[in-house]
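Analysis of the macromolecular model
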Amino acid sequence: MISLRQHAVSLIAVFLALTLGLFLGSGFIGDRVNALTGTDRDRIGKLQDERDALDEEVGNDTAFIKAIGPELTKGVLNKRGVLIVTAPDAADGDVEALKGLVNGAGGTVTGQIALTTALVRDEQASKLRTVVDQSIPAGAQLRVEYTDSGSRLGDLLGTALLTRPGQAPASDSDRSTALQTLRQAGFLEYPDGAVRPADLVLVVTGGEMSSDSGAQGQFVGRFSAAMAARGSGGVLAGRSGSAEGGSPIGVVRSDPSLNNAVSTVDNVDQQTGQLTTVLALGDETDGRTGAYGTGPGATAITVGAAPSK
């Protein structure tokens, strides 16, 4: 049985509906809704026009960079060998673009080595230490101040794979032994017979590392600095976000001893960052190290640009 209260509420609802219908029919509310919609439509149209103009501007800038890039980097790496090392989160597209630019700059990619996830997580530190100790080229010594896994491995691979003026490279057998031992242990991946000695090392990583990545950023950052120090130099290149917190470039830039050992580029996912990476490799051969890009700790947007304020 319907109560008086329920009946009253029903009547009120009916009257409200009728009143709203009259207002809508008279155009009182309808005109205002249409007016508001028209204003919003104009605002949205203006924003779309601005977006289209920005898209066109970015497209023009991209086309310009693509056209001028080869001229900017021409001869920068004349007859220099560059070994590419990839972290597990490196993007294939970035790596392929960098290979093309290295070749276009007169350099030669002498090989590509991939660091495995098991390696950078550093969950088998004792095993890695044993493998490194067993793989040191004859007559060579690793730096005693390097005690962490990333630095020790970078020092070993730099000794086995990189050269500098006036220094003979490790023998083919020593280089092969070091690489094969590390690959068999599950720490590296590379094609057989595709890694030759190089002057420079280019380490390619991804973007910002997640909060559960542990010390992976420390490993990659310290590895890069130690390896570059054994040759004519090197660059650690990462995507946007790679200079944040505990990400690899963030680690390098927060430690002066690392920051002075390897150049960093924090926007390799952009054409400007890719060109900067090649220019930075060229600067490394002349003994100049820099921190480039748009992320924290960058001192300039690119090689030769005015310092960031």
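Below you will find a few notes about this structure. (Residues numbered from 1 in each chain as written. Predicted model: local features only at pLDDT ≥ 70, side-chain atom pairs only at ≥ 80, totals over all residues. Heavy atoms only, no water.)

**Side note on the overall build of the protein chain**
- Each helix and strand counted, the protein chain has eleven helices and seven strands in total.
- Within the protein chain, the fraction of its 309 residues that count as buried is 43%.
- Across the protein chain, contacts joining residues at least 24 apart in sequence account for 74% of those joining residues at least 6 apart. (Helix = DSSP H or I, 4+ residues; strand = E, 2+ residues; numbered from the N terminus. Buried < 20%, exposed > 50% of the residue type's maximum accessible area, 1.4 Å probe, protein only. Contact = heavy atoms within 4.5 Å.)

**A look at helix 11 (residues 271-285)**
- Taking 1.5 Å as the rise per residue, helix 11 with 15 residues should run 21 Å; its terminal C-alpha atoms sit 22 Å apart, in good agreement.
- Most of helix 11 is tucked away: twelve of the 15 residues are buried.
- Looking only at helix 11, the buried set comprises Gly273, Gln274, Leu275, Thr276, Thr277, Val278, Leu279, Ala280, Leu281, Gly282, Asp283 and Glu284. (Expected span 1.5 Å × (residues − 1).)

**Examining the sheet that holds strand 1 (residues 81-86)**
- One open sheet accounts for seven strands, arranged 3-2-1-4-5-6-7; its pairing is mixed. On the outer flanks of this sheet lie strand 3 (188-189) and strand 7 (291-292), each paired with one strand and no other.
- When strand 1 meets strand 2 (residues 108-115), the two strands line up parallel, connected through six bridges. What sits directly across from leucine 83, in strand 2, is glycine 111.
- Helix 3 (residues 92-104) rests against strand 1, strand 2 and strand 4 (200-204) of the sheet, and its axis sits at about 160° to strand 2. (Pairing = 2+ DSSP bridges. Axes fitted to C-alpha atoms, helices over the stretch in contact; angles between N-to-C directions.)

**Examining the packing of aromatic side chains**
- In the structure shown here, the tally under the stated rule is zero aromatic pairs.
- Taking NZ or CZ as reference, arginine 183 lies 4.2 Å from the ring centre of tyrosine 190, over its face. (Phe/Tyr/Trp six-rings, centres within 6.5 Å; stacked < 30°, edge-to-face > 60°. Lys NZ or Arg CZ within 6 Å of the ring centre and 35° of its normal.)

**Looking at the packing of helix 6 (residues 149-161) against helix 7 (residues 172-184)**
- Remark: helix 6 packs on helix 7, axes separated minimally by 9 Å, with the N-to-C direction vectors making an angle of 145°. Relative to helix 7, the crossing made by helix 6 is left-handed. Note on element contacts: helix 7 touches helix 6 through Arg175, Ala178, Leu179 and Leu182, opposite Leu153, Leu156, Leu157, Ala160 and Leu161.
- Residues belonging to the contact of helix 6 with helix 7 are distributed by class as follows: eight nonpolar, no polar and one charged. (Left-handed = near helix turned anticlockwise from the far one by under 90°. Nonpolar A, V, L, I, M, F, W, Y, C, P; charged D, E, K, R; others polar.)

**Brief notes about helix 7**
- For helix 7, with 13 residues, the first-to-last C-alpha span of 18 Å sits near the 18 Å given by 1.5 Å per residue.
- Tucked inside the fold, the buried residues of helix 7 contact strand 2, helix 5 (125-134), helix 6 and strand 3.
- Glycine 186 sits one or two residues past helix 7 and shows a positive phi near 85°.

**Describing unusual backbone geometry**
- In the Ramachandran plot, lysine 79 falls in the positive-phi region, its phi being about 60° despite a non-glycine side chain.
- When you line up the elements, lysine 79 lands in the loop between helix 2 (28-73) and strand 1.

**Regarding the packing of helix 5 against helix 6**
- For the pair helix 5 and helix 6, interaxial distance at closest approach is 10 Å and the crossing angle is 20°. Between helix 5 and helix 6, the angle is such that the two are roughly parallel. In this structure, helix 5 meets helix 6 at a crossing whose hand is left-handed. Of the residues in helix 6, those in contact with Ala125, Leu128, Arg129, Val132 and Asp133 of helix 5 are Ser149, Arg152, Leu153 and Leu156.
- Classifying every residue of the contact of helix 5 with helix 6 by side-chain character gives five nonpolar, one polar and three charged. (Parallel < 35°, antiparallel > 145°, perpendicular 65-115°, else oblique.)

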